[in-house]
Amino acid sequence: MSGSLLPSAEEAYASPDAQGFFGPYGGTFVPETVVPALEELAHAFDEALGDPAFDAELGALLADYVGRPSPLYRADRLAEAVGLGTVWLKREDLNHTGAHKINNTLGQCLLAKRMGKRRVIAETGAGQHGVATATTAALMGLECAIFMGTEDIRRQALNVYKMRLLGAEVVPVADGTGTLADAVTAALRHWVERVEDTFYVLGSAVGPHPYPTIVRHFQKVIGEEALSQLREKGARMPDAVVACVGGGSNAIGIFYPFLRDVPADERPLLIGAEAAGLGLETDKHGAALTKGRPGVLHGFYSYLLQDEAGNPKEAYSISAGLDYPGVGPEHSYLKDAGLVRYEAVTDREALDAFALLARTEGIIPAIESAHALAMLPRLAAELGPDASVLVNVSGRGDKDMDIVREAGLGA
Amino acid sequence: MAGERTASRLEAAFRRGRPALVAYLMAGYPDRTTSLRALARAADAGADVIELGVPYGDPLADGPVIADAAQVARRAPGGFGLAETIDLAREFISGRGDDCPPLVLMTYLNPLMSMGLPRAADLMREAGVAGVIVPDMPPEAARPWRAVAGGLDTVFLLAPTSTDERVRVVADASAGFVYCVSTTGVTGERETLADAGRRLVERVRAATTLPVAIGFGIGTPEQAAEAARIADGVIVGSAIVRRQHDPSVVGDFVRSLARAVHESGRGSAG
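Figured I'd write up the structure that's included with this text. (Residues numbered from 1 in each chain as written. Chains lettered and ligands numbered in written order. Predicted model: local features only at pLDDT ≥ 70, side-chain atom pairs only at ≥ 80, totals over all residues. Heavy atoms only, no water.)

Below, the discussion takes up the overall build of chain B. When its secondary structure is counted, chain B shows 12 helices and nine strands. Over its C-alpha trace chain B gives a radius of gyration of 17 Å, about what one expects of a compact globule, namely 18 Å for 270 residues. Considered along the principal axes of its C-alpha atoms, chain B spans approximately 50 × 40 × 35 Å. Long-range contacts, defined as pairs at least 24 residues apart, comprise 71% of the intrachain contacts of chain B with a sequence gap of at least 6. (Helix = DSSP H or I, 4+ residues; strand = E, 2+ residues; numbered from the N terminus. Rg over C-alpha atoms; globule rule 2.2 N^0.38 Å. Contact = heavy atoms within 4.5 Å.)

Below, the structure is given as structure tokens:
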């Protein structure tokens, strides 16, 4: 490798190792009951990767059911408003069910069918992963139960209704703060009990090995498409690529091909936007990478918001999809390796970005995605007025109407 | 650890010619004083081993009774966690002198990591703790802990879903005893002792000379007696923790469990 201090793609992506470790992060820290299920899953995933029929079936569904490729849109009015030369938006919000989540649920539900499971469960925070899983389960004739915190059920009533319409059972989780972390715990505990007939469709790039690798595999289509769409449009390599990070699946989906396929000296700055909530100086945020320290939660080792005794701390964000106290282990590795930069965005900044995109481009993003959009003014200041930035618009904002209305947007 | 293996204190508690009762109590529940008195009553009532739960905020392997008790203990003034649990263990063990059943801490991995593995091991040894059970630490993930855990037995779990290969790996890694989870699922009382548990114990016996104990889902003296007919030890948790607010009730209940286990065991009928 010539002249760059950054690891080559090969060095960066010798990860994960056979035990599912990205550097020190990841691994399998779970009750023994589910170890055989994870081994079975890893085996089924390896087999599927070697089976062209699996790729063909998934590819056809992504094209004809999801509507891929999702467009790469040049948002000129937004670029002008934030003072950048070019802003590219990867439009995952235009996918069926309105977010990137469907890429992963289709892949995992196909795996479930290969493994002969007739029942799937999932956890959900904002409801996007729950709706995507319920949708996929309906499509494939699988029984489906979705675990959701009671607070999120309140915040995301419309998505709860959709899941029920789609034939899924929504299981309320009142433990803890009634949010995503509690839903993950409840789903994992349920999986421990029903592991023989149930497939756990994990919604982000988190969890025990092999889940982070599986989710990356099914989401990398985002970055692969973006790279080829930039080429097709004759556009130069952007100076930066931005995505929001809760668990981190849409971010790893867009980053991974840039890390793997783009030489280090041409690689854009990669930036993950975490939730700073009411501010990093308060306890009300979800910035695990910025403010956490490494620990084990939900079966994997990664940066984690935790108290002194090692108990997971409540995360907070205006966005139900980002208030998770942990983050995918690959992101922890990428942070330490200096391959991706992570910054935190407050609720207020996200709401401003939300309003700006709506008014300049007629696109209403998910509040999660608005965290990534909120990085644009900062990047304009850092990179200058000619810079080109690609943002992953991971989902659409229909589900967030009540929240933004309560926050006074559009009043 | 090569060469001749001598039975540890923990292992010896299962080798008295009759099955052993392992009583699980939650440290700091409903408060420190009551939990300490409940420990004493359980020991007086014939518990051969005491498993002391560390209150933790995300107890993946535990059912509602133990998870709720952990929440109560954790939210006590000052918070009850691993450090406080080790301190409680020290007071209990030193207070009883020679008349103390071996005490095993059941904790999740993150409190250990948060304290620092070497420091956690040091404090446990100083307190006189016999071993640990860490349900979210499979043997493959245990190397850093084992490197510092000399003198402490690390007990690993097996489940009915475990393959024969897993049974070998886990049995080889365990010390003190092997913990068989009788059903797939979290801790908690069940209607009947699953056949799956019986078959698991048989498979584990074939793979190890260590004592084999069975737990999860055992809530009555009758179930404990049934479990004692197949295993070297019977672990009762939720049913005790449910009574833990009243130490004298814990004492009476543990006595009935101990009698059932000791009298109906494999060794008793000759």
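Resuming the write-up.
Across its full length, chain A carries 18 helices and 14 strands. Over its C-alpha trace chain A gives a radius of gyration of 20 Å, about what one expects of a compact globule, namely 22 Å for 411 residues. In terms of overall dimensions, chain A has C-alpha extents of about 55 × 55 × 50 Å along its principal axes. Considering chain A as a whole, with its 411 residues, one finds that 64% of them fall into the buried category. Taking contacts inside chain A between residues at least 6 apart in sequence as the whole, the part at least 24 apart equals 75%. Only carbon and sulfur atoms are counted for the fraction: they give 51% of the accessible area of chain A, which is about 14300 Å². When the 36 positive and 54 negative side-chain charges of chain A are each reduced to one mean point, those points stand 4 Å apart. (Buried < 20%, exposed > 50% of the residue type's maximum accessible area, 1.4 Å probe, protein only. Areas by Shrake-Rupley, 256 points an atom, 1.4 Å probe, with all protein chains shown as cover. Lys, Arg positive; Asp, Glu negative; His and termini not counted. Charge placed at Lys NZ, Arg CZ, Asp CG, Glu CD.)

In this complex, chain A contributes 30 residues to the contact, which on the side of chain B involves 34 residues. Together chain A and chain B conceal approximately 2500 Å² of surface at their shared face, both sides included; 55% is due to carbon and sulfur atoms. It is Phe29(A), Glu32(A) and Arg189(A) that lose the most area in chain A upon contact with chain B, and together they represent 26% of the buried surface on that side. For the interface between chain A and chain B, the tally reads two salt bridges. For the salt bridge of Arg166(B) with Glu39(A), the shortest nitrogen-to-oxygen distance reads 3.7 Å. The interface formed by chain A and chain B includes 14 residue pairs in polar contact (both at pLDDT 80 or more). No other element matches the five residues that helix 9 (residues 180-193) of chain A contributes to the side of chain A that touches chain B. In terms of residue class, the side of chain A that touches chain B is made up of 14 nonpolar, eight polar and eight charged. (Buried area = accessible area lost by both parts, 1.4 Å probe. Salt bridge = Lys/Arg side-chain N within 4 Å of Asp/Glu carboxyl O. Polar contact = N/O pair within 3.5 Å; in protein donor to acceptor, adjacent residues only side chain to side chain. Nonpolar A, V, L, I, M, F, W, Y, C, P; charged D, E, K, R; others polar.)

What follows deals with the pairing of strand 9 (residues 233-236) of chain B. In regular strands, side chains alternate between the two faces of the sheet. Residues and elements named next belong to chain B. Side chains Gly 233 and Ile 235 of strand 9 all project onto a buried face; the interleaved residues Val 234 and Val 236 project onto the opposite face, where all are buried too. Taken together, the four bridges between strand 1 (residues 20-26) and strand 9 define a ladder with parallel strand orientation. Across the sheet, the residue bridging to Val 22 is Ile 235, located in strand 9. With two bridges connecting them, strand 8 (residues 212-215) and strand 9 associate as parallel partners. Bridged to Ile 214 within strand 9 is Val 234. (Pairing = 2+ DSSP bridges.)

Residues and elements named next belong to chain A. One open sheet accounts for four strands, arranged 7-6-5-8; its pairing is parallel. Pairing within the sheet leaves two strands with one partner each, and these edge strands are strand 7 (169-173) and strand 8 (198-200). Taken over all neighbouring pairs, the strand axes of this sheet differ in orientation by 25 degrees on average, direction set aside. Summarising the sheet, strand 5 (residues 119-124) and strand 6 (residues 143-149) pair through six bridges and their orientation is parallel. The partner of Glu 123 across the bridge, within strand 6, is Phe 147. Its contacts with the sheet put helix 5 (residues 101-114) on strand 5 and strand 8, and the angle it makes with strand 8 is roughly 155 degrees. (Axes fitted to C-alpha atoms, helices over the stretch in contact; angles between N-to-C directions.)

Here the focus is the pattern of salt bridges. A side chain with one charge may pair with a side chain of the opposite charge, provided their charged atoms come close. Applying the stated criterion across every chain, the model contains 43 salt bridges over all chains. Note that Glu32(A) is salt-bridged to Arg166(B), the shortest N-O span being 2.7 Å. Of this pair, Glu32(A) sits in the loop between strand 2 (25-26) and helix 2 (35-49) while Arg166(B) sits in helix 8 (residues 164-173), each in a different chain. A single burial state applies to Glu32(A) and to Arg166(B), both of which are buried. In this structure, the salt-bridge partner of Arg155(A) is Asp323(A), at a minimum N-O distance of 2.9 Å. Of this pair, Arg155(A) sits in helix 7 (residues 150-155) while Asp323(A) is found in the loop between strand 12 (300-304) and helix 14 (329-336), placing the two residues 168 residues apart along the sequence. A single network of salt bridges, built from pairs that share partners, joins Arg341(A), Glu343(A), Glu349(A), Arg378(A) and Glu382(A).

Here the focus is the pairing of strand 4 (residues 86-91) of chain A. All names here are of chain A. For strand 4, the buried fraction is high: six of the six residues fall into the buried class. Covered by surrounding structure in strand 4 are Thr 86, Trp 88 and Lys 90 together with Val 87, Leu 89 and Arg 91, the residues of both alternating faces. Sheet topology note: the strand 3 (residues 72-74)/strand 4 ladder contains three bridges and is antiparallel. Bridge pairing in strand 4 links Arg 74 to Trp 88.

Centre distance and the angle of the planes are the two values used to describe a pair of aromatic rings. Residue and element names in this part refer to chain A. Evaluation of the coordinates by the stated rule reveals 12 aromatic pairs over all chains. Pairing Tyr 25 with Tyr 301 gives two aromatic rings, centres 5.6 Å apart and planes at 20 degrees, and the pair type is stacked. Of this pair, Tyr 25 sits in strand 2 while Tyr 301 sits in strand 12, placing them 276 residues apart in sequence. The burial state of Tyr 25 is the same as that of Tyr 301; both residues are buried. (Phe/Tyr/Trp six-rings, centres within 6.5 Å; stacked < 30°, edge-to-face > 60°.)

The next subject is the nonpolar core. Core analysis: the biggest nonpolar cluster contains 201 residues, and Trp191(A), Met124(B) and Trp145(B) have the highest contact counts within it. In terms of residue count, the dominant contributor to this core is helix 9 of chain A (eight residues). Listed in part, the 37 residues of the second largest apolar core include Leu84(A), Leu357(A), Ala380(A) and Ala387(A). (Core = buried A, V, L, I, M, F, W, Y, C linked by side-chain atoms within 4.5 Å.)

Attention now goes to the state of the cysteines. Taken as a whole and judged by the stated rule, the model has zero disulfides over all chains. Free cysteine: Cys109(A), not disulfide-bonded; nearest cysteine sulfur from Cys144(A) at 7.4 Å. (Disulfide = S-S within 2.5 Å.)

Residues and elements named next belong to chain B. Its location among the elements puts Ser 182 in the loop between strand 7 (178-181) and helix 9 (195-205). With relative accessibility at 1%, the residue Ser 182 sits in the buried group. Here the side chain of Ser 182 touches Phe 216 through a polar contact of 2.4 Å, landing on its backbone oxygen.

All names here are of chain A. Note that Phe 22 resides in strand 1 (residues 21-22). Relative accessible area serves as the criterion here: at 0%, Phe 22 is assigned to the buried category. Distance from Phe 22 to Ser 332, taken between C-alpha atoms, is 8.3 Å for residues 310 residues apart in sequence. Apart from the residues within four sequence positions on either side, Phe 22 is in contact with Ser 15, Pro 16, Pro 212, Thr 213, Arg 216, Pro 329, Glu 330 and Tyr 333.

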